[in-house]
Amino acid sequence: MELPWLGEHCSERTCKQLDFLPLKCDACGEVFCKDHIRYDDHKCSSAYKKNVQVPVCPLCHTPIPVQKGEIPDIVVGAHIDKDCKYNPAQQKQKIFTNKCVKPGCKRKEMMKLVCEQCGGSFCIKHRHPLDHDCKGSSQPISKAGQTYIDCSVQ
């Protein structure tokens, strides 16, 4: 060995390889070669400090906090029994439920567009009385048109 003062030996008892680019474990602080740097490879006793996994509820997909010493399965089960906001009916709710009542039209809208004269629910294309052949009154007039007629009569 020409340069024995360079590098460090792997801290793994079975390895002790001289490594010129040693890696320091961020949990226990010991030096390891590239083959033993993972927590499992050198059986790190301090891995629990860094290797923290947060379980996620399989129903509502919310992270569930687990305290030290608790079993994650039991904590997630308690969450499902008490705090879970999963609603199976909510997944099947349809957004576009307001069907246009004009014959031949199959469009659906998110918001209900009700004709003020006949009371029917229509799509955006047929929302005006002239567009759906309104039978509610003799003359289909908008609010602005009705205001104009009322002002001109006086």
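What counts, and where the lines are drawn
Residues numbered from 1 in each chain as written. Predicted model: local features only at pLDDT ≥ 70, side-chain atom pairs only at ≥ 80, totals over all residues. Heavy atoms only, no water. Helix = DSSP H or I, 4+ residues; strand = E, 2+ residues; numbered from the N terminus. Buried < 20%, exposed > 50% of the residue type's maximum accessible area, 1.4 Å probe, protein only. Areas by Shrake-Rupley, 256 points an atom, 1.4 Å probe, with all protein chains shown as cover. Arc of directions from axis to C-beta. Disulfide = S-S within 2.5 Å. Core = buried A, V, L, I, M, F, W, Y, C linked by side-chain atoms within 4.5 Å. Contact = heavy atoms within 4.5 Å. Patch = residues over 30% accessible without salt bridge, like charges linked within 9 Å, V, L, I, M, F, W, Y side chains within 5 Å. Salt bridge = Lys/Arg side-chain N within 4 Å of Asp/Glu carboxyl O. pLDDT = per-residue confidence, 0-100.

A.B. asks: With reference to specific residues and values, describe the overall build of the protein chain.
C.D. replies: When helices and strands are counted, the protein chain shows four helices and eight strands. When the elements of the protein chain are put in sequence order from the N terminus, they spell out β-β-β-β-α-α-α-β-β-β-β-α. Per-residue burial for the protein chain yields a buried fraction of 22% across its 154 residues. In the structure as shown, the protein chain presents an accessible area of about 12,400 Å², 54% of it carried by carbon and sulfur atoms.

A.B. asks: Can you lay out helix α2 (residues 72-82) for me, pointing to particular residues and giving the numbers?
C.D. replies: Within α2, the full set of buried residues consists of Val 75, Val 76 and His 79. End-on view of α2: buried residues confined to an arc of 95°, all on one side of the axis. For α2, exposure combined with an orientation more than 90 degrees from the buried face picks out Asp 73, Ile 74 and Asp 81.

A.B. asks: Describe the state of the cysteines, and please don't skip the residues or the numbers.
C.D. replies: Per the counting criterion, the structure on display carries zero disulfides. Just so you know, Cys 15 is unpaired, no disulfide at all, and the nearest cysteine sulfur is the one on Cys 33, 3.9 Å from it. This cysteine, Cys 105, is not joined by any disulfide, and Cys 123 carries the nearest cysteine sulfur, 3.8 Å off. You can call Cys 105 buried: its relative accessible area is 10%.

A.B. asks: Could you give me a rundown of the nonpolar core, with the residues and numbers involved?
C.D. replies: If you look at the biggest cluster of nonpolar residues, it comprises seven residues: Cys 10, Cys 25, Ala 27, Phe 32, Cys 33, Cys 44 and Ala 47. Other than its neighbours up to four places away in sequence, Ala 47 contacts Ala 27 and Tyr 39. Within the second largest apolar cluster, six residues are counted, among which are Cys 100, Cys 105, Phe 122 and Cys 123.

A.B. asks: Give a description of a nonpolar patch on the surface that names residues and reports values.
C.D. replies: Where nonpolar side chains cluster on the molecular surface, the patch consists of Trp 5, Leu 6, Phe 20 and Leu 21 and spans about 520 Å² of accessible area. Looking at the secondary structure, you find Phe 20 in the loop between β2 (18-19) and β3 (23-24). Here Phe 20 falls in the exposed class, since its relative accessible area comes to 55%.

A.B. asks: Just give me the short version of the side chain of His 42, but keep the residues and values in it.
C.D. replies: For His 42, the position within the fold is in the loop between β4 (31-32) and α1 (47-50). His 42 has contacts with Glu 12, Cys 25, Cys 28, Phe 32, His 36 and Ile 37, leaving out every residue within four places of it along the chain.

A.B. asks: Pulling in residues and values, what's your account of the confidence of the model for the protein chain?
C.D. replies: Mean pLDDT over the protein chain stands at 82; residues scoring 70 or higher make up 84%. Predicted confidence in the protein chain is weakest over helix α3 (residues 88-91), with a mean pLDDT of 60, and strongest over β4, with 94.

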